[in-house]
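# Observations on the model geometry
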Amino acid sequence: MNRMSHAEIETKNLCDVVTHALGRAAKRPEVTSFFDEPTNTASHVVRGPTSGRCAVIDSVLDYDAASGRTATKSADKLIAFIREQGLEVEWILETHVHADHLSAAPYIKEKLGGALGIGENIRVVQDVFGKVFNAGTEFQRDGSQFDHLFIDGECFTIGDLDAVALHTPGHTPACMTYVIGDAAFVGDTLFMPDYGTARADFPGGDARTLYHSARRVLSLPGATRLFLCHDYKAPGRSEFRWETTVAAERAHNVHIHDGVSEDEFVGMRTARDAQLGMPKLILPSVQVNMRAGKFPPAEGDGQTYLKIPLNQL
Ligand SMILES: [Fe+2]
């Protein structure tokens, strides 16, 4: 009798979710995306064609770094859409602890409900950045700020849509890809084919790990739709785009198309990352996002502050 390894079983289940959805319209999500130009972030509302239930993936809280002022204009657009459509929010999902924008997850949850989920390795990220920000004992590093911590290969549903959470580390240790019907929400694991992949040099990031995660996503059926968290317009392209397919990435991704070896990728990624400055909102973003989008506790004067650790990153 042939026995399948755990990895083979998992890949089979994943591909089943996608191929089943490719063959049945009722299992294919409708995706409405909202692009935030100041942070180049695409947020997605994912719904089944029939159930009226949805998930919100990677929402944005507006933040003006000069004034330290937050705003909910972007999140309010998303909330208005969900209300207009009469949808019920089942999940508010984060693909990872973002370093370039603040999450609006707590605000959306307060307005619309839904369970807030992220990958279980959030604990690793909380441990690393808890130290970076000297967060003290008030800051729990067990992921308890979230409603649900997904493990690799975990199945879940959004109304009548089938979904699988896939651990795709490399950009950060907690990065997840959410495969929902025939669509995969890859966070920062892949960018558009003409732009490549995300950096892997944040604390806990690793280019070799990113290679394996990206190849794992690219082992899904070629027709799988991929929805990205960011776009920066590649040179020569005049529009922002955040949707592609596995087949397009395998044929054309400038960093990781079929035929690029692990060592070639790691060499390219490491050299490129060495040239990059830190994202301008990394310190406010991570400080808030490691707390599931909540602000640090107010100080004695009732005011909330963010810290700037000097000479750490
Ligand atoms: Fe990111």
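Read on for an overview of the structure. (Residues numbered from 1 in each chain as written. Predicted model: local features only at pLDDT ≥ 70, side-chain atom pairs only at ≥ 80, totals over all residues. Heavy atoms only, no water.)

To continue, consider unusual backbone geometry. Most peptide bonds adopt trans geometry, and most residues besides glycine take a negative phi value. In this structure, N40 is a non-glycine residue whose phi angle is positive, near 55°. Relative to the elements of secondary structure, N40 occurs in the loop between β1 (30-36) and β2 (41-47). Residue N40 is classed as buried on the basis of its relative accessible area, which comes to 16%. Phi angles above zero are rare outside glycine, and A292 is one such case at about 65°. With respect to the helices, strands and loops of the structure, A292 is situated in the segment after α8 (282-289). (Helix = DSSP H or I, 4+ residues; strand = E, 2+ residues; numbered from the N terminus. Buried < 20%, exposed > 50% of the residue type's maximum accessible area, 1.4 Å probe, protein only.)

Further remarks concern the environment of A25. Turning to its location among the elements, A25 is positioned in the loop between α1 (6-23) and β1. Judged by relative accessible area, A25 falls into the partly exposed class, the value being 49%. With 75 residues separating them in the primary sequence, A25 and D100 have C-alpha atoms 35 Å apart.

The subject of this paragraph is the packing of helix α5 (residues 207-217) against helix α7 (residues 262-275). Look at α5 against α7: their axes get within 9 Å of each other, and the N-to-C directions meet at 125°. When the axes of α5 and α7 are compared, the pair comes out oblique. Considering only the axes of α5 and α7, their crossing is right-handed. Contacts between α5 and α7 involve A207, R208, L210, Y211 and H212 from the former and E262, D263, F265, V266, R269 and T270 from the latter. (Axes fitted to C-alpha atoms, helices over the stretch in contact; angles between N-to-C directions. Parallel < 35°, antiparallel > 145°, perpendicular 65-115°, else oblique. Left-handed = near helix turned anticlockwise from the far one by under 90°. Contact = heavy atoms within 4.5 Å.)

A separate point is the packing of aromatic side chains. The way to describe two aromatic rings as a pair is by their centre distance and the angle between their planes. Here the structure, examined in full by the defined rule, presents 14 aromatic pairs. Centroid distance F35 to W242: 5.2 Å. Interplanar angle 10°. Geometry classified as stacked. Of this pair, F35 sits in strand β1 while W242 sits in the loop between β13 (225-228) and β14 (243-245), placing them 207 residues apart in sequence. With 5.9 Å between their ring centres and 65° between their planes, F191 and Y195 make a pair best called edge-to-face. By relative accessible area, which is 5% here, F191 ends up buried. Put simply, the rings of W91, F150, F156 and Y178 touch in pairs and so form one group of aromatic residues. Here K233 stacks its cationic end above the ring of F240, 4.4 Å away from the centre of that ring. Note that R291 overlies the ring of F139, its terminal NZ or CZ placed 5.0 Å from the centroid. (Phe/Tyr/Trp six-rings, centres within 6.5 Å; stacked < 30°, edge-to-face > 60°. Lys NZ or Arg CZ within 6 Å of the ring centre and 35° of its normal.)

Working reference: metal with six octahedral donors, ideal angles 90 or 180 degrees; metal with four tetrahedral donors, ideal angle 109.5 degrees. Ligation of the iron ion by protein atoms is provided by H96 (NE2), H171 (NE2) and D188 (OD), these donors lying 2.0 to 2.4 Å from the ion. Counting the intervening residues between successive donors of the iron ion yields the motif H-x74-H-x16-D. You can see H171 sitting in the loop between β10 (161-167) and β11 (176-180) and its partner D188 sitting in the loop between β12 (183-187) and α5, a full 17 residues away along the chain. Exposure remark for D188: the relative accessible area of 2% places this residue in the buried category. (Donors = N, O, S within 2.8 Å, 3.2 Å for Na, K, Ca; no water.)

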